[in-house]
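# Tertiary structure, described
Here is how the chains run, residue by residue.
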Amino acid sequence: MDELRDESYQDEEEALEELEELEESILDFLELELAPEEAVIEEDEVPELPDEEDDNIFEAVFKHFTEDDEEPSAEEIAALEQLEELTRSEQIEDLLETKQYAKLRDLLVEMEAPDIYQLLEDLTERQQSIVFRLLPKELAAETFVEMDVDVQEMLIRGFSDTELREVLEELYLDDTVDIIEEMPATVVKRILRQSDPESRRAINELLRYPKDSAGSIMTPEYVDLHADMTVEDAFKRIRRIGVDRETIYICYVTDERRHLLGFVSVRTLLLAAEDDIIADIMDDDTISVETTADQEEVARALGKYGFMAIPVVDKENRLVGIVTVDDAIDVIEEETTEDIEKMAAIVPTDKPYLRTGALETWKARFPWLMILMLSATFTGMIISHFEAALAACIVLNSYIPMLTGTGGNSGTQASVAVIRALSLGEVEFSDIFEVIWKECRVGLLCGLVLGVVNFGKMLLLDRLILANPAVTVSVAAVVSLTMVLVVFTAKLVGSTLPLLAKKLHLDPAVMASPFISTIVDALSLLVYFRFANLLLGL
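Residues numbered from 1 in each chain as written. Predicted model: local features only at pLDDT ≥ 70, side-chain atom pairs only at ≥ 80, totals over all residues. Heavy atoms only, no water.

### Comments concerning the overall build of the chain
To keep things clear, this is the line we draw: Helical segments are the DSSP runs of H or I of at least four residues, strand segments are the runs of E of at least two, and each set is numbered from the N terminus. In this description, contact between two residues means that some pair of their heavy atoms is separated by no more than 4.5 Å. Residue burial considers only the protein chains on display, and all accessible areas are found by Shrake-Rupley using a 1.4 Å probe.
Across its full length, the chain carries 26 helices and six strands. Put simply, 66% of the contacts in the chain that link residues at least 6 apart link residues at least 24 apart. Approximately 32,000 Å² of the chain is accessible, and the part contributed by carbon and sulfur atoms is 55%.

This is the structure in C-alpha cells:
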C-alpha cells in the first residue's frame, strides 16, 4: 500500500513539473507576442508562431507545445521575420530578383490597379514589363489605363501582337481613344491594326469629335432598352450585353431610331414586377448633353445632378454614348491643373513634373516670362519719366515695392475669386456690374484700413522709432492715399479682366497673378507720382 502511495506521489510530482514547464513556455511565448521589443530570447527558445485560424491563443500555444511537430530552424524564422518587415514595394523587388513569379502574381492580384501602378513607378522598364505580364487580363487593362503615356508607349512597343490584342479587348473604348490620342502615329497604326473591325469603327467615330468635347470623352458602351420591353426582357438583355458595358446601373430607353426617351435604374427594375412594361416605370425627365458640349460643362452637370453617368446625344436627340463619373473626375483634374499652370504663367503640359525634362519645362515657362519681362518695360518708362521727382524726394523710392506688392496681391485675390466663380458657373459676363459693385466696396474697405494702418506705421515707426526725418506727414499722406487708391483699382482690374477674357472666348485663368500684377504695377506708379506731384509739389 505504501509502495503504491509512493508511486502515485512520484507521478503527481512529475505531472506538476511538466505542467510548470508548460506554463513557463506559455508565459515566454506570450512575452514574445505582446512585447517583442522587450523580450530577450535565445534562438533555441523561439517558439513557432500559432496559426492565424486558431480562435484561442491559449489553445494554439498548448497545441504548439504538446505536439511533436518539427520546429523551424533559426534561419527560417529569421527569413520570415525579415519578409514581414519589408514593405510591399520591397517585397515585389525581392520577388523579382529571386524570380519567384508565382508568389509575386499572388501578391499582385490582391491589389488595386492604382496601387499596382504606384509600385511600378519605382521599377526599371524591364521589371515593369515583367510585372505587367504577370497580371490577369482584366487587372492588366485596369492598370494600363492608370499609367502615364510614356510607360504605356514603352509597354506597347514591347508587346507581341497577341498581348496587345488581349489588352485592347479588356479596355473600354473611351480609354482606348484616350490612349490613341497621346500616342505617336506608328503606335496608333499598330493599335488600330490589332483592334477588331467593330472596335476600329467605333474608335474612328469617337476620334472625329472635337477635342475636349463630350463626344471625345464619351463611351458608346452602354445598356439600352426598348420602351415596349418587359422587366423580364430587360434583365435578359442586361445579362447578355452587360458584361462588356462600362456601367449597367442606369439603362437608357430608346426607340427604333435610337432617340432617347428616358432612363431606368437597375434598382427600379429589381423592385418592379417581371411583367411590368419599361415605358410605365421609366423616368422620361432625362438630362442629356450634346456631343459638341465642352467637357468641363459635362463634368459640372454630373456634379450638379449627382449622376453616375450622363447620356450624350446628337443634334437629333439620338443616343450616341454616355460620360461616366470617372471620366468627369479626370476632366476636373485636367482642367484644374491647366488653370493652375496658366495662373502661374506656365504653358500647360500633360506630363508629370518629374517626367518632364528640363528643356521641355524651359519651353513651357520661357514664353510667358518673356512677355511679362517686356510688359514690365512700361513700369520702367514711368519711373524714368518721374526721375526728377524721385531725385527731389528720395524717400519715395523706398515705398514703391510696398505699393506695387500690395496692389498685385489685391488684384490676385479678386481675380482668383472671379476665376473660380466662372469655372463653377456661379457668375457669367452678364453679372459684370454686380461683380464690379461688390469688388469696389471690398476694395474701398481694404484700401481704407491699409491706408490708415500705413499712415500710423510711417509716422510712428519710420519717423519716430527709426528716426528718419525725411518721412514727413505729407510723405505719409502721399503713400497712404496711394495705398487706398491702388488697392481699390487692383480689385477692380482683377475682377473685370477674367470676365472680359471669358467674353472674348479666352481662358480666364490667363488673367491671373503675373499678368494682373504687371498692369497694377504700372497703375500704382502713375497714381503714386500723381499724388506726390499734388501734395509735395514735385
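### Quick look at the sheet that holds strand β2 (residues 250–254)
Just so we agree on the cut-off: Strands pair, by our definition, only if DSSP identifies at least two bridges between them. Only the contacting stretch of a helix is used when fitting its axis, a line to C-alpha atoms as for every element, and angles between N-to-C directions run 0 to 180 degrees.
With respect to topology, three strands assemble into an open sheet ordered β1-β2-β3, the strand pairing being mixed. Edge positions in the open sheet fall to β1 (224–226) and β3 (260–265), since each of these has one partner strand only. Averaged over all neighbouring strand pairs, the angle between strand axes comes to 35°, with direction disregarded. Two strands pair when backbone bridges link them, and β1 and β2 are joined in this way by three bridges, in the parallel orientation. Along β2, the bridge assignment pairs H226 with T254.

### Looking at the packing of helix α8 (residues 137–146) against helix α10 (residues 161–170)
The condition that has to hold: Each angle receives one of four descriptions, namely roughly parallel if under 35 degrees, roughly antiparallel if over 145, roughly perpendicular if within 65 to 115, and oblique otherwise. Note on residue classes: Ala, Val, Leu, Ile, Met, Phe, Trp, Tyr, Cys and Pro are nonpolar, Asp, Glu, Lys and Arg are charged, and everything else, Gly too, is polar.
Packing of α8 against α10 leaves a shortest axis separation of 8 Å and a crossing angle of 80°. Taken together, α8 and α10 sit at an angle that is classed as roughly perpendicular. Only E166, V167 and E170 of α10 make contact with α8, whose side of the interface consists of K137, E138, A141 and F144. Its residues assigned to classes, the contact of α8 with α10 shows three nonpolar, no polar and four charged.

### Details of the nonpolar core
Let me state the cut-off plainly: Here, nonpolar core means buried Ala, Val, Leu, Ile, Met, Phe, Trp, Tyr and Cys residues that are tied together by side-chain atoms lying within 4.5 Å of each other. Exposure classes here rest on a 1.4 Å probe applied to the protein chains alone. A residue is buried below 20% of its type maximum, exposed above 50%, and partly exposed in between.
In this structure, I92, F132 and F144 are the most contacted members of the largest nonpolar core, which totals 60 residues. Per-element tally for this core: the top contributor is helix α6 (residues 113–120), with five residues. Excluding anything up to four places from it in sequence, F132 contacts A140, F144, M147, L155, F159 and V167. One finds M458, V475, A476 and V479 within the second-largest nonpolar core, a separate group that totals 22 residues.

### Observations concerning the packing of aromatic side chains
For clarity, the cut-off: Classification of ring pairs rests on two measures: the distance between centres of Phe, Tyr or Trp rings, Trp counted by its six-membered ring, which must be within 6.5 Å, and the angle between planes, read as stacked under 30 degrees, edge-to-face over 60 and tilted in between.
Applying the stated criterion across every chain yields a total of five aromatic pairs. Centroid distance F132 to F144: 5.9 Å. Interplanar angle 55°. Geometry classified as tilted. On the criterion of sequence distance, the pair formed by F132 in helix α7 (residues 125–134) and F144 in helix α8 is long-range, its members being 12 residues apart. A residue is classified by how much of its surface remains accessible, and F132, at 4% relative accessible area, is buried. Classification of F144 by relative accessible area gives buried; the value is 3%. Ring plane angle 35° and centroid distance 5.7 Å describe the contact between Y528 and F529, whose orientation is recorded as tilted. Accessibility expressed as a relative area gives 1% for Y528, which makes it buried.

### As for the environment of L319
Positionally, L319 belongs in strand β6 (residues 319–324). With 30 residues separating them in the primary sequence, L319 and V289 have C-alpha atoms 10.0 Å apart. Look past the residues within four positions of L319 in its chain and what remains in contact with it is Y222, Y252, T254, R258, L260, P311, V312 and V313.

### A few points about the pattern of salt bridges
This is how it is decided: Here a salt bridge means any side-chain nitrogen of Lys or Arg lying within 4 Å of a carboxyl oxygen belonging to Asp or Glu.
Under the counting rule described, the total for this entry stands at eight salt bridges. With a closest N to O distance of 2.8 Å, R157 and E153 form a salt bridge. A residue pair is termed a helical-turn pair when its members lie 3 or 4 positions apart in one helix, as R157 and E153 do in helix α9 (residues 149–158) at four residues. Among the ionic pairs, R237 bridges to D224, the shortest N-O distance being 2.7 Å. Taken together, the residues R237 in helix α15 (residues 231–241) and D224 in strand β1 connect sequence positions 13 residues apart. Here the two residues R237 and D224 agree in accessibility, since each one is buried. In this structure, a network of salt bridges that share partners links the residues D314, E316 and R318.

### Things to note about the sheet that holds strand β5 (residues 309–313)
Pairing is mixed in the open sheet, where three strands are placed in the order β4-β5-β6. In this open sheet, the two strands that pair with only one neighbour each are β4 (289–290) and β6. Two elements, β5 and β6, share five bridges in a ladder whose sense is antiparallel. Within β6, the residue paired with V313 across the bridge is L319. The strands that helix α18 (residues 295–305) touches are β4, β5 and β6; relative to β5, the one it contacts most, it runs at about 135°.

### Re the pairing of β3
Two elements, β2 and β3, share five bridges in a ladder whose sense is antiparallel. Directly across from T254, in β3, lies its bridge partner L260.

### Quick look at the confidence of the model for the chain
Our working definition: How sure the predictor is of each residue is captured by pLDDT, a score from 0 to 100.
Per-chain confidence: the chain averages 79 in pLDDT, with 81% of residues scoring 70 or above. In this model, residues 1–9 is a region of pLDDT below 50 whose contacts with residues beyond four sequence positions or in other chains number zero contacts. Below pLDDT 50 for its whole length, residues 29–69 participates in 32 contacts with residues either more than four positions away or in separate chains.

### Thoughts on the pairing of β2
Put simply, the rule is: If the strands point away from the viewer and the path from the first strand over the helix to the second runs clockwise, then the crossover is right-handed.
The buried fraction of β2 amounts to four of the five residues, a majority that puts the element mostly inside the structure. As a crossover connection, the stretch from β1 through α15 into β2 is right-handed. Taking the residues between adjacent antiparallel strands as the criterion, β2 and β3 are bridged by five residues, where R258 takes a positive phi near 70°.

### Considerations on the side chain of T219
Rules: Polar contacts here mean pairs of N or O atoms no more than 3.5 Å apart (in protein, one a potential hydrogen donor and the other a potential acceptor; neighbouring residues in sequence count only if both atoms are side-chain atoms).
One can find T219 in the loop between α14 (214–217) and β1. Within the local environment of T219, its side chain forms a polar contact with the backbone nitrogen of E221, the two atoms lying 3.2 Å apart. T219 has contacts with D174, E246, G321 and I322, leaving out every residue within four places of it along the chain.

### Digging into the side chain of N454
By the element assignment, N454 lies in helix α24 (residues 432–465). Note on N454: relative accessible area 5%, which makes it buried.

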